[in-house]
Amino acid sequence: MSSRFALPKYSIGVGDRFAHQAKAQLQACIQAAHAGVDISPVWNKSNREHTIIGSEPSSTRAAADAAVKALGWKKPYFCDADHIGLATVDRFLPSCDFYTIDVADFIGKPADPSSIDAFIHRHPELQGTLAIENIAEPILLSQDHLRQIANAFLAAVQQAAAIYRKIESAKGRGNFITEVSMDETESPQTPLELLVILAAAADEGIPLDTVAPKFSGRFNKGVDYVGDIAQFEKEFALDVAAIAHAIKHYGLPQNLKLSIHSGSDKFSIYKSIHNAIRKYGAGVHLKTAGTTWLEELAGLAEAGGDGLTMAKEIYAQAYEHRDELCAPYATVIDIDPAHLPSPQDVADWSSDQYTSALRHNPHSAAYNRSFRQLLHVGFKIAAKMGRRYLDLLEANEAIIARNVTENLYARHIAPVFLGASQQTT
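Residues numbered from 1 in each chain as written. Predicted model: local features only at pLDDT ≥ 70, side-chain atom pairs only at ≥ 80, totals over all residues. Heavy atoms only, no water.

A. Summary view of the packing of aromatic side chains. This model, assessed by the stated rule, comprises 20 aromatic pairs. For the pair F219 and Y225, a centre-to-centre distance of 5.2 Å together with 65° between the ring planes defines the contact as edge-to-face. The two residues F219 and Y225 agree in class, both being buried. Through pairs of rings, three or more aromatic residues link up here, namely F215, F219, Y225, F232 and F236. Here R48 stacks its cationic end above the ring of Y329, 4.3 Å away from the centre of that ring. In this structure, R322 packs its charged tip against the face of Y319, placed 4.3 Å from the ring centre. (Phe/Tyr/Trp six-rings, centres within 6.5 Å; stacked < 30°, edge-to-face > 60°. Buried < 20%, exposed > 50% of the residue type's maximum accessible area, 1.4 Å probe, protein only. Lys NZ or Arg CZ within 6 Å of the ring centre and 35° of its normal.)

B. Structural detail: the nonpolar core. With 95 residues, the main nonpolar core has Y99, F236, I273 and F417 as its most contacted residues. Per element, the largest residue contribution to this core is 13 residues, and it comes from helix 5 (residues 143–171). Discounting chain neighbours no more than four positions away, the residues touching F236 are F215, L258, I260, I273, A276, I277 and V284. Core analysis: the second largest hydrophobic core is formed by 41 residues, A301, C326, L340 and L392 among them. (Core = buried A, V, L, I, M, F, W, Y, C linked by side-chain atoms within 4.5 Å. Helix = DSSP H or I, 4+ residues; strand = E, 2+ residues; numbered from the N terminus. Contact = heavy atoms within 4.5 Å.)

C. Representation of the pairing of strand 4 (residues 98–102). The element strand 4 is extensively covered by neighbouring structure, given that five of its five residues are classed as buried. Burial along strand 4 is two-sided: F98, T100 and D102 facing one way and Y99 and I101 facing the other are all buried. Where strand 3 (residues 78–84) and strand 4 come together, three bridges link them in parallel fashion. The residue of strand 4 that forms the bridge with A81 is Y99. (Pairing = 2+ DSSP bridges.)

D. Up close: the pairing of strand 7 (residues 177–181). With respect to burial, strand 7 is a largely interior element, five of its five residues being buried. Of the two faces of strand 7, the one holding I177, E179 and S181 and the one holding T178 and V180 are both buried throughout. Alignment of strand 4 against strand 7, held across five bridges, turns out to be parallel. Looking at strand 7, one finds that Y99 is bridged to T178. The pairing of strand 7 with strand 8 (residues 210–212) spans three bridges and is parallel. Looking at strand 8, one finds that S181 is bridged to A212. Regarding topology, helix 6 (residues 191–203) serves as the crossover connection from strand 7 to the parallel strand 8, and that connection is right-handed. (Right-handed = clockwise from strand over helix to strand, strands pointing away.)

Pasting the structure below:
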């Protein structure tokens, strides 16, 4: 399979809840280019986020296009319809050229037995002893085990194919980027399961650019990875090997690569990701999602005055409505209520106290991961403020932009793509 609309080797998903930081985000990619590595920005926003904020995908496209024009960016960039399904894809078709097809809900749903039989018949090479380059030990896969894997994942791949074909019918083949996401599920997929998934995707004619499996450990929103780093490093390397094998044997696009969802602030695994992509010459797509919204808050608090007052007000309302705000993100946050400061205490904080609690500096005694996670899901509060919030963003554009660019470049791009030490200042 080939596509004229190829996703470059390195890309970064940059969420922008309120479509005001595209220039600041793009500036981080420009800094990366000056440092010697090309990274394509992908502005991603999900249907859930558009619904909460009351925005449309066209606003994401407009902000991205305006930033590209203003900064003279001549390299690829994309707008991602993040975590879409059959019921939600239509509103994204006019504006997006990258589609994250989320089929996690279909994992484990039994596939039609005849489909499983046909898959097994098509793939005798997946039965017996598998020799996969960069995997030291041969893998033994019995027909019964292959049937179990197919039964668990074939329905999800078929659903991905149905969504892909709907997009293709509207956009035309080769005119968009395709990602399949299976990360928002209970159990991680093994590299062997990923290989079966990729074989099934090739059978369905899905020209995958990226695939987002679930890894072991917790990828909570906006905070560091929680889990066995050595195990993650092993899984990541094995998944890279599985992808290379699938490209060679199933004709999937040469640029197919792993996507790390909820990848923002996973500082402890960034070195592992960097080492693997360098060792194997692999690409990677890192989604940083909502950290931009948190940098807006940090910038407002740092600005003092009305900005600090609003930052405190947003926390007070998020604290009051925390159950409602946390419910949609229950699987990807881990807030300890005992560690949440009271709104009354926060009301007396200085700019430095607020930003020190919010900024993800694991070496700082003031950093509060529960405070940060609650604010991460609290963007609905700012959305309800409407122009009042947006006016303050615009009034404090310079200081907020500095926070956004420094966070994206120093804390994410530099350690993952350049191998630099993660900076927390």
